[in-house]
Amino acid sequence: METQAKRKIDFSFRDKLDSAVEGFRHNYCYQCGACVADCPAGNYSESFNPRLILLKALLGFEDELISADSEIWNCTNCYTCSERCPQDVRPVDVIIALKNLCVRAGKAPELVVNVSDSVLQSGITTRVTSLAEKRRQELGLPPIKAYPVDELIKIVGKG
Ligand code: SF4
Ligand code: SF4
């Protein structure tokens, strides 16, 4: 018979979560699952489930959630779950807070780090290479304009 590893509940993780979410509404989650039905990420991935993410967060399964491999990175931040939740738990805010905790712990996926670095450096998500500029010229397209990155940096508080 297959034995399952025992998991230890760690309620101290809720303090980190409360502070990262800047609120405590997630503690009102009663696991109804209303956030799951219309979740686009859940419709494409069998392993993605916002109700389970809430449960793991409330039980303090930090090692599963704060990781570059965590399922939280499949969330598209569409906010459908927050519209559906009868408890106003705002599951997406919890998932965003978990992503922020990953970034602070240096555990964000490399792709996410590269995209955010690119946004901070150029204001766009993909670096424009000289080859891309050349191809645009050949196609008669105008050069990509420079964005006011200093304003962006002020908004995200990196200045
Ligand atoms: S987050 Fe809201 S909708 Fe989802 S399981 Fe918890 S109470 Fe239900
Ligand atoms: S915000 Fe994320 S968890 Fe919520 S419905 Fe959209 S993809 Fe699913």
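Here the structure is a predicted model, which means the values were calculated and not measured.

### Structural notes on the site of ligand 1
In the region of ligand 1, 13 residues are neighbours, and Cys29, Cys32, Gly33, Cys35 and Cys85 sit closest. Of the residues assigned to the shell around ligand 1, the class counts are 9 nonpolar, 3 polar and 1 charged.

### Regarding a nonpolar patch on the surface
Residues Val128, Ile144 and Tyr147 make up a contiguous nonpolar surface patch of about 220 Å² in total accessible area. Topologically, valine 128 is positioned in the loop between helix H7 (110–122) and helix H8 (130–138). We classify valine 128 as partly exposed; its relative accessible area is 32%.

### Brief notes about the domain arrangement of the chain
What the domain assignment reports for the chain is domain 1 (13–104) and domain 2 (110–155). Placing a centre on the C-alpha atoms of domain 1 and another on those of domain 2 gives a separation of 31 Å.

### Details of the nonpolar core
Grouped together as the largest cluster of nonpolar side chains are 26 residues, with contacts concentrated most on Phe48, Ile53, Leu65, Ile66, Ile72 and Leu98. Listed by contribution, the elements that provide at least two residues to this core are helix H1 (13–21), helix H3 (50–59) and helix H6 (91–104). Considering each element in turn, this core owes the most residues, 7 residues, to H6. For leucine 98, the contacting residues outside a window of four places in its chain are Phe13, Leu17, Ile53, Leu65, Ile66 and Ile72.

### Concerning the environment of leucine 65
Within the element layout of this structure, leucine 65 appears in helix H4 (residues 62–65). On the accessibility criterion, leucine 65 (0% relative accessible area) is buried. Note: C-alpha distance between leucine 65 and leucine 101 (36 residues apart in sequence) is 9.4 Å. Not counting the four nearest positions on each side in its chain, leucine 65 is found in contact with Ile53, Lys56, Ala57, Ser70, Ile72, Leu98 and Cys102.

What counts and what doesn't
- Residues numbered from 1 in each chain as written.
- Chains lettered and ligands numbered in written order.
- Predicted model: local features only at pLDDT ≥ 70, side-chain atom pairs only at ≥ 80, totals over all residues.
- Heavy atoms only, no water.
- Near = heavy atom within 4 Å.
- Nonpolar A, V, L, I, M, F, W, Y, C, P; charged D, E, K, R; others polar.
- Patch = residues over 30% accessible without salt bridge, like charges linked within 9 Å, V, L, I, M, F, W, Y side chains within 5 Å.
- Areas by Shrake-Rupley, 256 points an atom, 1.4 Å probe, with all protein chains shown as cover.
- Salt bridge = Lys/Arg side-chain N within 4 Å of Asp/Glu carboxyl O.
- Helix = DSSP H or I, 4+ residues; strand = E, 2+ residues; numbered from the N terminus.
- Buried < 20%, exposed > 50% of the residue type's maximum accessible area, 1.4 Å probe, protein only.
- Domains from an automatic or database assignment.
- Core = buried A, V, L, I, M, F, W, Y, C linked by side-chain atoms within 4.5 Å.
- Contact = heavy atoms within 4.5 Å.

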